[in-house]
Amino acid sequence: MDAEPVSDVIAEIHRWREKLSDLPPARTEHEAIDRITALEELVSVSAAAQARETLTFDMHRRNREAEEGVPSRKQGRGLGAEIGLARKVSRARGSKLLGFSRSLLMDLPKTYASLKSGNISEEKARVVAKETDWLPRDKRHQVDERMSDRLSEVGVGRLGNEVRALAQQLDQKAAVEHLDRCMEERAVSVRPAPGNMAYLTALLPLSQAVAAYTN
């Protein structure tokens, strides 16, 4: 069977990957800092493109399966694993990336536009998505609209605090329900560490976490 031809877009992406891989170091401080800025903007634009293509992949798969008569509840099964493989991460991480892509393009258009233009980092976009994921869609749109001018002006931590506060203000009932669910999701886990050691991690309500740390 003949190999599927590589599209012009993929060929161009590969060309730029090779060009950046072989890029010699900058010769001056000024050029180095300008490159860092330009590359960071490129990372953001690439993240936005990946999110768009992830959602596109999801839509193509579901449309095809719908045409083949696959029940709606079974459509899209295994997408997280395929996305994880493409992104070189786990199945679980792939599923989270799919959810992030849906949120970004369907519920947070202003945030997506800022990421797509290179004005904000993917980390900031993730913070907005995470701090609003419990809101109904119309309220997410409101947060997205009202926070659009702040996205590039504040740091990640402050952005998360402001988005969280605005979200809680817009829907206090949903905020209380969200906090109750968080309480129910408290857990303790352990994982191995080098040198015959282990990491003990606890997800706890704030007051309990502070008390445990103090003791």
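Residues numbered from 1 in each chain as written. Predicted model: local features only at pLDDT ≥ 70, side-chain atom pairs only at ≥ 80, totals over all residues. Heavy atoms only, no water.

1. Thoughts on the layout of surface pockets
Volume-wise, the largest pocket comes out at about 1100 Å³. Around the largest pocket, the lining is made up of 23 residues, and of these Ile 10, Ile 13, Ser 46, Ala 49 and Gln 50 lie nearest the centre. Those elements that place two or more of their residues in the lining of the largest pocket are α1 (8-21), α2 (29-67) and α3 (79-87). It is α2 that contributes the most residues to the lining of the largest pocket, 10 residues altogether. Here the lining of the largest pocket is composed, by residue class, of 12 nonpolar, four polar and seven charged. (1 Å grid on protein atoms, 1.4 Å probe; cavity = no way out; pocket = protein on both sides within 12 Å on 5 of 7 lines; lining within 4 Å. Points joined across faces, edges and corners; volume = space filled by probe spheres on them. Helix = DSSP H or I, 4+ residues; strand = E, 2+ residues; numbered from the N terminus. Nonpolar A, V, L, I, M, F, W, Y, C, P; charged D, E, K, R; others polar.)

2. Things to note about empty space enclosed by the protein
Tallied over the entire structure, the rule returns one cavity of 30 Å³ or more. Along its surface, the largest cavity is lined by Ala 47, Gln 50, Ala 51, Thr 54, Arg 87, Leu 97, Phe 100, Ser 101 and Glu 122. If you list the elements that add at least two residues to the lining of the largest cavity, you get α2 and α4 (91-107). The element best represented in the lining of the largest cavity is α2, accounting for four residues. Across the lining of the largest cavity, the residue classes break down as four nonpolar, three polar and two charged.

3. Considering the confidence of the model for the protein
Low pLDDT marks regions whose predicted coordinates should not be analysed in detail. Across the protein, pLDDT averages 91, with 94% of residues at or above 70. For the protein, helix α10 (residues 206-214) is the element with the lowest average pLDDT, namely 73, and helix α5 (residues 109-116) is the one with the highest, namely 98. (pLDDT = per-residue confidence, 0-100.)

4. Some thoughts on the packing of aromatic side chains
All told, the structure shown has zero aromatic pairs when counted by the stated rule. Its end group placed over the ring of Phe 100, Arg 126 keeps NZ or CZ at 4.5 Å from the ring centre. (Phe/Tyr/Trp six-rings, centres within 6.5 Å; stacked < 30°, edge-to-face > 60°. Lys NZ or Arg CZ within 6 Å of the ring centre and 35° of its normal.)

5. Some remarks on the environment of Arg 61
Examined against the element boundaries, Arg 61 turns out to sit in helix α2. Measuring from C-alpha to C-alpha, the distance between Arg 61 and Arg 77 comes to 9.5 Å, with 16 residues separating the pair along the chain. Sequence-distant contacts of Arg 61, that is, excluding residues within four places in its chain, are made with Leu 79 and Glu 82. (Contact = heavy atoms within 4.5 Å.)

6. Details of a nonpolar patch on the surface
A surface patch of nonpolar side chains, about 410 Å² in accessible area, is lined by Trp 16, Leu 20, Leu 23, Leu 39 and Leu 42. Looking at the nonpolar patch, the elements that each hand over two or more residues are α1 and α2. With a relative accessible area of 38%, Leu 42 lands in the partly exposed category. (Patch = residues over 30% accessible without salt bridge, like charges linked within 9 Å, V, L, I, M, F, W, Y side chains within 5 Å. Areas by Shrake-Rupley, 256 points an atom, 1.4 Å probe, with all protein chains shown as cover. Salt bridge = Lys/Arg side-chain N within 4 Å of Asp/Glu carboxyl O. Buried < 20%, exposed > 50% of the residue type's maximum accessible area, 1.4 Å probe, protein only.)

7. Details of the pattern of salt bridges
Inspection of every chain in the model, using the stated rule, returns 15 salt bridges. The residue Arg 62 makes a salt bridge to Asp 58 at a minimum N-O spacing of 2.6 Å. Here Asp 58 and Arg 62 lie together in helix α2, a separation of four residues that amounts to about one turn. In this structure Arg 62 comes out as partly exposed when scored by relative accessible area, which is 26%. The exposure class assigned to Asp 58 is buried, which follows from its relative accessible area of 4%. Across the salt bridge formed by Glu 68 and Arg 64, the nearest N and O atoms sit 3.0 Å from each other. A relative accessible area of 52% places Glu 68 in the exposed class. A single salt-bridge network, built from bridges that share partners, covers Arg 150, Glu 153, Arg 158 and Glu 162.

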